[in-house]
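Below are the chains, spelled out letter by letter.
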Amino acid sequence: MAEIHLKNLAHSYLPHPSGPSDYALKKIDHVWEDGKAYALLGPSGCGKSTLLNIISGLLTPSEGSVLFDGEDVTNLPTEKRHIAQVFQFPVVYDTMTVYDNLAFPLKNRGHDAKTIDQRVRDIAEMLEMTGELNKKARGLTADAKQKISLGRGLVRQNVSAILFDEPLTVIDPHLKWMLRMQLKALHKKTDRTMIYVTHDQTEALTFADKVVVMYEGDVVQMGTPQELFERPQHTFVGYFIGSPGMNVIPAHVEGNQAHIEGTTIQLNYGYKGMSGSNVEIGVRPEFTSLHEGGEGLPITIKRVEDVGRYKIVRADFFGREINITVPEGQPISERVNRVSFDPTRVNVYQGGWIVDGEAA
Ligand code: ADP
Ligand code: MG
């Protein structure tokens, strides 16, 4: 097991990068604690695989270093890092049986037959593949092959970390859910550091103790699911997490007030020196409420979507959409024409990044 320190790390696939846009990974400096379950979350192309491959040693970063428990491993190959990695698509030996595929990483490292047999059977049971141990991998479905890949990643016991790069992409939705639960249970049982790459927020939020959100080569926030929900450090985290995401509205902020299209909103904190065109407020749909007249921003309801436990109201505010969630069973009057925000839940952003206010 190991604490992983990414020290002044950056990576460009170009030999002579000339500006920030030439970097697949911009400056990163942080510590991943030993034994935690992390999810690396972000849209396609934001640098997740690049970062994962640098941690595993498949890729050498163009700048900075990787430390495991304080030891510099930047130039060590994967085999020397005691890391298991599971990829998006199955990596199995078609001509071998399921059993031999699972046993391979252990045989390779010279474990005795009895230990190998026990581990292979334990892993097969967890993956519900006991009945298929003697089948050749060749004839199996993509699902089953990917389960073998997962098993090959999980079979070794003395690894510092297990890295998963979108491992459930080819797995059908029901099985996906089940495997995710099993990975989580396995993490609880073993306390091994796990890093799980995904572009799916549900997958990230259900699996991880801490979610690392990436956007265009930057890590924009590393936090618990609750922190990401309550205090998105960047507007991108606000949109990307939540369904629907946080409402982000351009505003003119002065002291403890935000002025938006002629309406004034009270804020819980005071803000200084916020002149400039790149100021926005962010409020999640969960912290808004609808009224007839009175305070709040003037809106027109465009549509109401019933998603089961709550309704999503899509409202128009000067050509901009504002989303409001309303609990199940609460009626929505046709005369509703204002939306107000819980002041304690309104965040202020400048240039996309959150600004800390002062007690007003
Ligand atoms: P993600 O896993 O989040 O989808 P990647 O880490 O694969 O993102 O890619 C990040 C960026 O680096 C993308 O712009 C991608 O096109 C680029 N990239 C990835 N791999 C290579 C490579 N081997 N050579 C050049 N560019 C690459
Ligand atoms: Mg990727």
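Nothing here was measured: the structure is a model prediction, and the numbers come from that model.

*Asks:* Any chance you could explain the packing of aromatic side chains here in plain terms?
*Replies:* For any pair of aromatic rings, the description consists of the separation of the ring centres together with the inter-plane angle of the planes. In this structure the tally under the stated criterion is eight aromatic pairs. Judged by centre distance (4.9 Å) and plane angle (35°), the rings of Tyr196 and Phe207 are tilted. Placement of Tyr196 in strand β8 (residues 193–198) and of Phe207 in helix α6 (residues 201–207) is noted, with a sequence separation of eleven residues between them. Note on Phe207: relative accessible area 1%, which makes it buried. When the centroid spacing of 5.1 Å and the interplanar angle of 20° are considered together, the rings of Phe236 and Phe240 count as stacked. Of this pair, Phe236 and Phe240 both sit in helix α8 (residues 235–240), four residues apart, which is roughly one turn of that helix. Look at Phe236 and you get buried, because its relative accessible area is 10%. Against the face of Phe287 rests Arg345, its NZ or CZ located 4.1 Å from the ring centre.

*Asks:* Hey, could you run me through the domain arrangement of the protein chain in this one?
*Replies:* It is common to give the size of an interface as the accessible area lost on bringing the parts into contact. As far as domains go, the protein chain holds domain 1 (4–240) and domain 2 (247–359). Relative to domain 2, the C-alpha centre of domain 1 lies at a distance of 38 Å. Across the boundary between the two partners, domain 1 contributes twelve residues, which contact 13 residues of domain 2. In this assembly, domain 1 packs against domain 2 so that about 1100 Å² is buried in total across both faces, 52% of it on carbon and sulfur atoms. Ranking the residues of domain 1 by area buried against domain 2 places Phe229, Arg231 and Thr235 at the top, with a combined share of 46%. Here domain 1 and domain 2 share two salt bridges between them. Measuring nitrogen to oxygen at the nearest pair gives 2.6 Å for the salt bridge that ties Asp356 to Arg231. In this structure, the connection of domain 1 to domain 2 is made through eight residue pairs in polar contact (both at pLDDT 80 or more). Going through the elements one at a time, α7 (225–230) and α8 are the ones with two or more residues in the side of domain 1 that touches domain 2.

Criteria and thresholds
Residues numbered from 1 in each chain as written. Chains lettered and ligands numbered in written order. Predicted model: local features only at pLDDT ≥ 70, side-chain atom pairs only at ≥ 80, totals over all residues. Heavy atoms only, no water. Phe/Tyr/Trp six-rings, centres within 6.5 Å; stacked < 30°, edge-to-face > 60°. Helix = DSSP H or I, 4+ residues; strand = E, 2+ residues; numbered from the N terminus. Buried < 20%, exposed > 50% of the residue type's maximum accessible area, 1.4 Å probe, protein only. Lys NZ or Arg CZ within 6 Å of the ring centre and 35° of its normal. Domains from an automatic or database assignment. Contact = heavy atoms within 4.5 Å. Buried area = accessible area lost by both parts, 1.4 Å probe. Salt bridge = Lys/Arg side-chain N within 4 Å of Asp/Glu carboxyl O. Polar contact = N/O pair within 3.5 Å; in protein donor to acceptor, adjacent residues only side chain to side chain.

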